[in-house]
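Observations on the three-dimensional arrangement
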Amino acid sequence: QVQFVESGGGLVQPGGSLRLSCAASEKIFNIRAMGWYRQAPGKQRELVADILPGGSTNYADSVKGRFTISRDNAKNTVYLQMDSLKPEDTAVYYCNVRALYSAPYWGQGTQVTVSS
């Protein structure tokens, strides 16, 4: 079974930056999209960004211009560069991989806290 290791979360001041990483333990075939979701306390999980096999990306309006998603296929890893962080970005961030013929894969989650 594929395992994911997320890293890069933590506490940062408003305006700061963090880079999240999510590495899969093995290659996943027939990927439809790789992405990041987040869930703040008392709120539903929401899509932050995703990237398709061809490289096209999609971002939530709230993070456009501040976050950048990327991937390294050779390392089975997806990244989320987060700049100009705001307190409202505080949440648990989960990586997600959607592939044909399988249920969606989820990382274990990493906490991001933006506070002064």
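Residues numbered from 1 in each chain as written. Predicted model: local features only at pLDDT ≥ 70, side-chain atom pairs only at ≥ 80, totals over all residues. Heavy atoms only, no water.

A regular strand carries its side chains on alternate faces of the sheet. Along strand β1 (residues 4-7), the buried face is formed by F4 and E6; none of V5 and S7, which line the opposite face, is buried. For β1 and strand β3 (residues 18-24), the ladder comprises 4 bridges, and the chain directions are antiparallel. In the sheet register, E6 faces β3, and the bridge partner there is C22. (Buried < 20%, exposed > 50% of the residue type's maximum accessible area, 1.4 Å probe, protein only. Helix = DSSP H or I, 4+ residues; strand = E, 2+ residues; numbered from the N terminus. Pairing = 2+ DSSP bridges.)

Attention now goes to the pattern of salt bridges. Enumeration over the complete set of coordinates arrives at 5 salt bridges. Notably, a salt bridge pairs E46 with R38, separated by 2.7 Å at the nearest N-O pair. E46 gets classed as partly exposed once you look at its relative accessible area, which sits at 35%. Linking D61 and K64 is a salt bridge whose minimum nitrogen-to-oxygen distance equals 3.1 Å. Residue D61 is classed as exposed on the basis of its relative accessible area, which comes to 64%. Overlapping salt bridges bring together R38, E46, R66 and D89 as one network. (Salt bridge = Lys/Arg side-chain N within 4 Å of Asp/Glu carboxyl O.)

Once that is clear, we can look at the side chain of R38. Looking at the element boundaries, R38 is found in strand β4 (residues 31-39). At 2.7 Å, the side chain of R38 and the side chain of E46 are in polar contact. Reaching out from R38, the side chain makes a polar contact with the side chain of S62 at a distance of 3.3 Å. Apart from residues no more than four positions distant in its own chain, R38 is found in contact with Q44, R45, E46, V48, S62, V63, F67, E88, D89, A91, V92 and Y93. (Polar contact = N/O pair within 3.5 Å; in protein donor to acceptor, adjacent residues only side chain to side chain. Contact = heavy atoms within 4.5 Å.)

On to the nonpolar core, then. Counting residues in hydrophobic clusters, the biggest one holds 30 residues, and the most contacted among them are W36, L80, M82 and Y93. Elements with a contribution of two residues or more to this core: β3, β4, β5 (46-51), β7 (67-72), β8 (77-82), β9 (91-99) and β11 (110-114). (Core = buried A, V, L, I, M, F, W, Y, C linked by side-chain atoms within 4.5 Å.)

Unusually for a residue other than glycine, N76 sits at a positive phi of about 50°. Tracing the chain through its elements places N76 in the loop between β7 and β8. One non-glycine residue, S84, lies in the positive phi region at around 50°. Position of S84 among the secondary structure elements: in the loop between β8 and β9.

We now examine the sheet that holds β1. Strands sit in the order β1-β3-β8-β7 across an open sheet of 4 strands; the sheet is antiparallel. Two strands in the sheet have a free side with no partner beyond their single neighbour: β1 and β7. Looking at each pair of strands side by side, their axes are set apart by 15° on average, direction ignored. Inspection of the sheet shows β3 paired to β8 by 6 bridges, in the antiparallel sense. Within the sheet, the bridge partner assigned to C22 lies in β8 and is V78. (Axes fitted to C-alpha atoms, helices over the stretch in contact; angles between N-to-C directions.)

Below, the discussion takes up the state of the cysteines. Under the criterion given, the structure shown has 1 disulfide. Across the disulfide, C22 is cross-linked to C95 (sulfur-sulfur distance 2.0 Å). Separated by 73 residues along the polypeptide, C22 in strand β3 and C95 in strand β9 bring together distant segments of the chain. Take C22: its relative accessible area is 1%, and that puts it in the buried class. The buried category is assigned to C95, whose relative accessible area is 1%. (Disulfide = S-S within 2.5 Å.)

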